[in-house]
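Below are the chains, spelled out letter by letter.
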Amino acid sequence: MNALQTSNLGYPRIGENREWKKALEQYWAGKINEESFEQATDRVLLSNLKKQIALGIDIIPVNDFSYYDHMLDTAAMFGLVPNRYGSINKDIPLAQYFSMARGNSTAVASEMTKWFNTNYHYIIPELNETTFQLIENKPLKAYRKAKEKLGIEGKPVIVGPYTFLKLSKGYEEKQIPSLLSQLIPLYQQVFKELQAEGVQWVQVDEPILVTSLSKDEFETIQSIYAQLHEAAPNLKIMLQTYFDSITEYQTVVSLPVQGIGLDFVHDRNQNLQYIQKLGFPEDKVLGLGIIDGRNIWKADLNKKKEIIDLVLEKVNTERLWIQPSCSLLHVPITIKNEPKLDKTLKNALAFADEKLQEIHMLKNRYDLNQNSSDAFSKSEKDINNLNMSAARNNSIVHSAVKNISNQDFRRKQSFKERKEIQQAYWQLPDYPTTTIGSFPQTAEVRKARRQFKSGEWTFEQYKEFIESEIARWISIQEKIGLDVLVHGEFERNDMVEYFGEKLTGFAFSSNGWVQSYGSRCVKPPIIYGDVAFSEPMTLTESLYAKSLTSKPMKGMLTGPATILNWSFVRDDLTRKEVCFQIALALKEEVEILQRNDIKMIQVDEPALREGLPLKKENWHEYLEWTVQSFLLATSSAEATTQIHTHMCYCDFNHFLEVISKLDADIISIETSRSHGELLESAQLKAYDKGIGLGVYDIHSPRVPSVEEIENMISEYSKLLPKEQIWINPDCGLKTRKEEETIASLQNMVKAAKKFRNEIGHTNTDADATTEEIC
Ligand code: GLN
Ligand code: ZN
């Protein structure tokens, strides 16, 4: 029978009850030995595979499992161990593998960064001081294990050579040919061994193919795949792409591989159009990524079937695999463990297991012996029920969004006008000092929150505790001599969840964990309904803090794009519409703070940039509505109200222009580790607003000296006129210890004062004016 096949690209590693995470952390803490660790992680791996068998997946991925991260695995497999972790022998012991990920007493960890536009972080391979050698054929080992234990013919997954190289660091463009000449023979060896073992298919992940690549790069890719094919002609390669449509369709589909995997969810319909217009090679298998691997909503199976039908006009049934749009690593495991979610919402959700079920149901629809139309109607009904629910039909929110006009994206006064008004109003010294918002979330703070959440503490008890922390830190900040104070964010568990809990339209799963990096998992809020303001979110704490000091107090909000990008977002509206809804709710908060005389308000947007589409041509559109959302939230600020924002990136090239459009009076950014790059930024010269260039790195426990901070300020002052410069750490201090935080801030304030004095400026008095000096 010419049936469709079902396939998966990767299954979440963490275990239904995060058993994998727990095993890792116990092993790191020395509570279990290597053998028990391997047994525990093996149990998770095998149960993952068994589940996929039970769910009716024909082609099951192996080697998608990892002890930490798949990029790190690939680097380790090719012997790419930087010298600081010691030399390597025949294999890479676990301790050495984990020290690359986490550092050890003598060597810092390898850097990590986001895997394309997801919230998953991978360890960046360092190619500068290593030699390539094949340590172990990991895909083969994973294939053998699955076959031996469960009798399945798995599909080994491996990161493709070009994506691997492009995501690594420590080399220059011109070295690429030489690096490939070392790397490709190792891939060839891996493939030869897989072929000799009788492996049918290997999934080679090349998500880099959805980004903008040059013609030369495509030539390189062509040559890579020709070499791989030549080495193992009987091993079939499924060249897997995801997260967007591919560029250069014709080139990619004519590569010497036997299958092409495309994303049909996040491709803006482009991949389908390619196939309809240009057809698909008859000798290849199409991996049809039809079920959304990055979001948590049930699929409308009738609509999905329509797409499959269209594809089947161009591709034969026996050459079609139905699969998720990407690895299911990015979604939680199952809705079975969600007893608390509202029924209408829960019925409309599909996590990893439910997504695999959907894939199976789609396949069944093409099998004449099966009748799955009931399942299709149920999906449709469940989705409809949520769409019709009151939560998604808040007419006030809908008409507010409809009525947004360009006027709402503009502050009444220009920055130039505001600047003068604010200078006169705030009377700040030159080089004002402040912090980014949070102070250490100590064990006591976390314990207090647990006690409150579990009902052990009353609201009054909890409130009293939070107030005592705020009061303690107001006094610390005053003693240190900071110019603009914050309340410290002790009441917040997380900068998105905290707001989500107070706005309408958000739900929180009990078990919806996804891996963020290593053993760290996050539980993103679910934006399922219309987002609206329902009660003041930050007023109580800000007002309380303000009542304790005569210094300016900065209110602290999370911005719309960050709330959006760190949540699972409903997919019946555009992201732009949801972002506008969030912005309108935040606007009310800004107005309330302002009415209550909190007139410095920071709206954090650390995640604005990470939502950038993978293709540059789509940046403009995204930036337009995210910037508009920020403006929508902040534009009712009066001239005296000073809007701050914060972002934690280091690479600011090409981004200051966007930041400027936010029209925030001051931005604080993370530059302490990379100010060199900023020095070169021509955009900085064009930037006219206030800017806090982080003067020390908060990611390290090290206390910076007065002298080094002063040097940093001195460097900044060569770049920018003094009235633009603010002095602050480069991010929030919640992860730091109290002693090091105080010591560092003391040095920071001393350095700022010294610098003011040295350049002949001592106008820290309340009535001094901030005149220009020459
Ligand atoms: N205000 C937040 C804090 O200080 C900002 C955090 C962030 O940039 N990620 O913690
Ligand atoms: Zn930050």
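Here we summarise the structure given alongside this text. (Residues numbered from 1 in each chain as written. Chains lettered and ligands numbered in written order. Predicted model: local features only at pLDDT ≥ 70, side-chain atom pairs only at ≥ 80, totals over all residues. Heavy atoms only, no water.)

So, on to the overall build of the protein. When you go through the protein residue by residue, the secondary structure sums to 28 helices and 21 strands. Relative to a compact globule of 774 residues, whose C-alpha radius of gyration would be 28 Å, the protein shows 27 Å and is just as compact. By its C-alpha atoms, the protein is 85 × 60 × 55 Å across when sized along the principal axes. The 774 residues of the protein split such that 59% are buried. Relative to all contacts within the protein whose residues are 6 or more apart in sequence, the contacts with residues 24 or more apart total 78%. With 90 positive and 106 negative side-chain charges, the protein shows a separation of 3 Å between the mean positions of the two kinds. (Helix = DSSP H or I, 4+ residues; strand = E, 2+ residues; numbered from the N terminus. Rg over C-alpha atoms; globule rule 2.2 N^0.38 Å. Buried < 20%, exposed > 50% of the residue type's maximum accessible area, 1.4 Å probe, protein only. Contact = heavy atoms within 4.5 Å. Lys, Arg positive; Asp, Glu negative; His and termini not counted. Charge placed at Lys NZ, Arg CZ, Asp CG, Glu CD.)

So, on to the sheet that holds strand β10 (residues 320-324). What the eight strands build is an open sheet, ordered β1-β10-β9-β8-β7-β6-β5-β2; its pairing is parallel. The open sheet has two edge strands, β1 (5-6) and β2 (61-62), and neither has a second partner. Against the sheet, helix α11 (residues 301-312) contacts β9 (285-291) and β10, and its axis sits at roughly 165° relative to β9. (Pairing = 2+ DSSP bridges. Axes fitted to C-alpha atoms, helices over the stretch in contact; angles between N-to-C directions.)

So, on to the packing of aromatic side chains. A full pass over the atoms with the stated rule returns 26 aromatic pairs. Measuring from centroid to centroid gives 5.0 Å for Phe78 and Tyr187, while their planes differ by 50°, and the two rings are tilted. Of the two residues, Phe78 is situated in the loop between α3 (70-77) and α4 (94-102) and Tyr187 in helix α7 (residues 176-197); the sequence distance between them amounts to 109 residues. Residue Phe78 is classed as buried on the basis of its relative accessible area, which comes to 0%. When its relative accessible area of 0% is taken as the criterion, Tyr187 is described as buried. Taken together, a centroid distance of 4.7 Å and an interplanar angle of 75° make the contact between Tyr242 and Phe243 edge-to-face. Judged by relative accessible area, which is 3%, Tyr242 ranks as buried. A residue is classified by how much of its surface remains accessible, and Phe243, at 3% relative accessible area, is buried. (Phe/Tyr/Trp six-rings, centres within 6.5 Å; stacked < 30°, edge-to-face > 60°.)

So, about empty space enclosed by the protein. Taken as a whole and judged by the stated rule, the model has seven cavities of 30 Å³ or more. Within this model, the largest cavity holds a volume of roughly 300 Å³. Gln423, Leu428, Gln642, Glu723 and Trp726 are the residues nearest the centre of the largest cavity, which is lined by 22 residues in total. If one sorts the elements of the lining of the largest cavity by residue count, helix α16 (residues 415-426) sits on top with five residues. Partitioning the lining of the largest cavity into residue classes produces eight nonpolar, seven polar and seven charged. Approximately 240 Å³ is the volume attributed to the second largest cavity. Surrounding the second largest cavity, 21 residues form its lining, Arg13, Asn63, Asp64, His70 and Val157 being those nearest its centre. For the lining of the second largest cavity, the per-class residue count stands at ten nonpolar, six polar and five charged. (1 Å grid on protein atoms, 1.4 Å probe; cavity = no way out; pocket = protein on both sides within 12 Å on 5 of 7 lines; lining within 4 Å. Points joined across faces, edges and corners; volume = space filled by probe spheres on them. Nonpolar A, V, L, I, M, F, W, Y, C, P; charged D, E, K, R; others polar.)

Another point: the coordination of the zinc ion (ligand 2). Around the zinc ion (ligand 2), the protein contributes the donor atoms His646 (NE2), Cys648 (SG) and Cys731 (SG), which lie 2.0 to 2.4 Å from the metal centre. Because the angles between the four donor atoms bound to the zinc ion (ligand 2) fall within 85 to 123°, the donor set is best described as tetrahedral. Sequence spacing of the donor residues for the zinc ion (ligand 2), all on one chain, is H-x1-C-x82-C. Placement of the pair is His646 in strand β18 (residues 642-647) and Cys731 in the loop between β21 (725-726) and α28 (738-758), with a sequence separation of 85 residues. (Donors = N, O, S within 2.8 Å, 3.2 Å for Na, K, Ca; no water. Tetrahedral: all angles 85-135°; square planar, octahedral: opposite > 155°, others 65-115°.)

A separate point is the nonpolar core. The tendency in soluble globular proteins is for nonpolar side chains to be buried as a group. Counting residues in each nonpolar core, the largest one holds 137 residues, and the members touching the most others are Trp115, Phe191, Tyr225 and Leu286. A per-element tally of this core places α7 first, with ten residues. Residues in contact with Leu286, not counting those within four places in the same chain, are Met238, Ile260, Leu262, Ile275, Phe280, Val311, Val315, Arg319, Leu320 and Trp321. Counting 97 residues, the second largest nonpolar core, distinct from the first, contains Ile480, Leu632, Ile691 and Tyr716. (Core = buried A, V, L, I, M, F, W, Y, C linked by side-chain atoms within 4.5 Å.)

It is worth spelling out the packing of helix α22 (residues 575-595) against helix α23 (residues 619-634) at this point. At a minimum axis distance of 7 Å, the contact between α22 and α23 shows a crossing angle of 20°. Considering the angle they form, α22 stands roughly parallel to α23. Both α22 and α23 take part in a crossing whose hand is right-handed. Facing Arg575, Lys576, Cys579, Phe580, Ala583, Leu584, Leu586, Lys587 and Val590 of α22, the residues of α23 in contact are Trp625, Gln628, Ser629, Leu632 and Ala633. Tallied by class, residues from the contact of α22 with α23 come to nine nonpolar, two polar and three charged. (Parallel < 35°, antiparallel > 145°, perpendicular 65-115°, else oblique. Left-handed = near helix turned anticlockwise from the far one by under 90°.)

For the rest of this paragraph, the subject is helix α18 (residues 459-480). Counted at 1.5 Å a residue, the expected span for α18 with its 22 residues is 32 Å, and the 31 Å between its end C-alpha atoms agrees. Every buried residue of α18 is listed here: Tyr462, Phe465, Ile466, Glu469, Ile470, Trp473, Ile474, Ile476, Gln477 and Ile480. Of the surrounding secondary structure, the elements contacted by the buried residues of α18 are α17 (443-453), α20 (539-547) and α28. Note on α18: the residue one or two positions beyond its end, Gly481, has a positive phi of about 95°. (Expected span 1.5 Å × (residues − 1).)

Quantified by volume, the second largest pocket comes out at close to 720 Å³. Lining the second largest pocket are 26 residues, and of these Glu38, Tyr67, Glu136, Lys138 and Lys141 sit closest to its centre. Of all elements in the fold, only α2 (34-54), α3, α4 and α5 (138-150) reach the threshold of two or more residues within the lining of the second largest pocket. By residue class, the composition of the lining of the second largest pocket is 15 nonpolar, two polar and nine charged.

A separate point is the environment of Thr562. Its location among the elements puts Thr562 in helix α21 (residues 560-565). Each C-alpha atom, one on Thr562 and one on Asp367, is 44 Å from the other, the two residues being 195 residues apart in sequence. Sequence-distant contacts of Thr562, defined by excluding residues within four places in its chain, comprise Val496, Asp604, Glu605, Pro606, Ala607 and Leu608. Within the structure, Thr562 has its side chain in polar contact with the backbone nitrogen of Ala607 (distance 3.0 Å). (Polar contact = N/O pair within 3.5 Å; in protein donor to acceptor, adjacent residues only side chain to side chain.)

Time to look at the site of ligand 1. The immediate surroundings of ligand 1 are formed by 13 residues, with Ser438, Glu489, Asp604, His646 and Gly732 found nearest. Ile436 is positioned with one of its backbone polar atoms (N or O) 3.1 Å from a nitrogen atom of ligand 1. In the environment of ligand 1, an oxygen atom lies 3.2 Å from a nitrogen or oxygen atom belonging to the side chain of Lys734. In the complex, the protein chains occlude 93% of the 300 Å² of accessible area that ligand 1 would expose alone. Class assignment for the residues of the shell around ligand 1 results in six nonpolar, four polar and three charged. (Near = heavy atom within 4 Å. Areas by Shrake-Rupley, 256 points an atom, 1.4 Å probe, with all protein chains shown as cover.)

Time to look at the sheet that holds β18. Strands sit in the order β15-β17-β18-β19-β20-β21 across an open sheet of six strands; the sheet is parallel. The sheet terminates laterally at β15 (554-558) and β21, the two strands that pair on one side only. In this structure, β18 lies alongside strand β19 (residues 666-669), joined through four bridges in parallel fashion. When the bridges of β19 are listed, Met647 appears paired with Ile669.

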